[in-house]
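One-letter residues, chain by chain:
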Amino acid sequence: MTVYELYSFLENKMPRSLGCEWDNDGLMCCPDATARVKRVLVTLDVTDEAILKAKEISADVILSHHP
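Here is what the cut-offs are and how they apply
Residues numbered from 1 in each chain as written. Predicted model: local features only at pLDDT ≥ 70, side-chain atom pairs only at ≥ 80, totals over all residues. Heavy atoms only, no water. Disulfide = S-S within 2.5 Å. Buried < 20%, exposed > 50% of the residue type's maximum accessible area, 1.4 Å probe, protein only. Helix = DSSP H or I, 4+ residues; strand = E, 2+ residues; numbered from the N terminus. Contact = heavy atoms within 4.5 Å. Salt bridge = Lys/Arg side-chain N within 4 Å of Asp/Glu carboxyl O. Patch = residues over 30% accessible without salt bridge, like charges linked within 9 Å, V, L, I, M, F, W, Y side chains within 5 Å. Areas by Shrake-Rupley, 256 points an atom, 1.4 Å probe, with all protein chains shown as cover. pLDDT = per-residue confidence, 0-100. 1 Å grid on protein atoms, 1.4 Å probe; cavity = no way out; pocket = protein on both sides within 12 Å on 5 of 7 lines; lining within 4 Å. Points joined across faces, edges and corners; volume = space filled by probe spheres on them. Nonpolar A, V, L, I, M, F, W, Y, C, P; charged D, E, K, R; others polar.

Draft legend 1. The state of the cysteines, seen in detail. Applying the stated criterion across every chain, the model contains zero disulfides. Cysteine cysteine 29 is unpaired, with the sulfur of cysteine 30 as its nearest cysteine sulfur at 7.7 Å. Its relative accessible area of 72% is what places cysteine 29 among the exposed residues.

Here it is in structure tokens:
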């Protein structure tokens, strides 16, 4: 699966129309949407600790509730 395919899958399950107009959703930092995704770190907030954990487990994507 690619970053874009993951994003499209999630967009299909949770469309932007369900969010508020002020929600900051979408791809925040994505230099290559065709990059392969094998590991995803899911977190509430993108904290320093979350970033370190993502690096520790070699996550390809950080999926967060609060960007």
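After presenting the structure, the write-up continues.
Draft legend 2. Expanded view of the side chain of threonine 2. Structurally, threonine 2 is set in the segment before helix H1 (3-13). Beyond its immediate stretch of four places on either side in the chain, threonine 2 contacts Ala33, Thr34, Ala35, Arg36 and Val37.

Draft legend 3. Structural view of the pattern of salt bridges. Applying the stated criterion across every chain yields a total of three salt bridges. The partner of aspartate 25 in a salt bridge is arginine 16, with the nearest N and O atoms 3.7 Å apart. Judged by relative accessible area, arginine 16 falls into the partly exposed class, the value being 43%. A salt bridge links glutamate 56 to lysine 53; the shortest N-O distance between them is 3.2 Å. On the criterion of helical spacing, the pair formed by glutamate 56 and lysine 53 is a turn pair, its members being three residues apart in helix H2 (residues 48-56). On the basis of relative accessibility, which here comes to 59%, the residue glutamate 56 falls in the exposed class. A relative accessible area of 37% places lysine 53 in the partly exposed class.

Draft legend 4. Examining a nonpolar patch on the surface more closely. On the surface, a cluster of nonpolar side chains totalling about 230 Å² of accessible area is made up of Val40, Val42 and Leu63. By the secondary structure assignment, valine 40 is in strand S1 (residues 40-45).

Draft legend 5. Quick peek at the confidence of the model for the protein chain. When pLDDT is averaged across the protein chain, the result is 92; 99% of the residues are at 70 or more. Looking over the protein chain, one finds the lowest element-wise mean pLDDT in strand S2 (residues 61-66), namely 92, and the highest in H2, namely 98.

Draft legend 6. Structural view of the layout of surface pockets. In this structure, the largest pocket occupies an estimated 1100 Å³ of space. Considering the residues around the largest pocket, the lining is formed by 32 residues, among which Asp25, Gly26, Leu27, Leu63 and Ser64 are closest to the centre. Looking at the lining of the largest pocket, the elements with two or more residues in it are H1 and S2. If you tally residues by element for the lining of the largest pocket, the top one is S2, at six residues. Across the lining of the largest pocket, the residue classes tally to 20 nonpolar, six polar and six charged.

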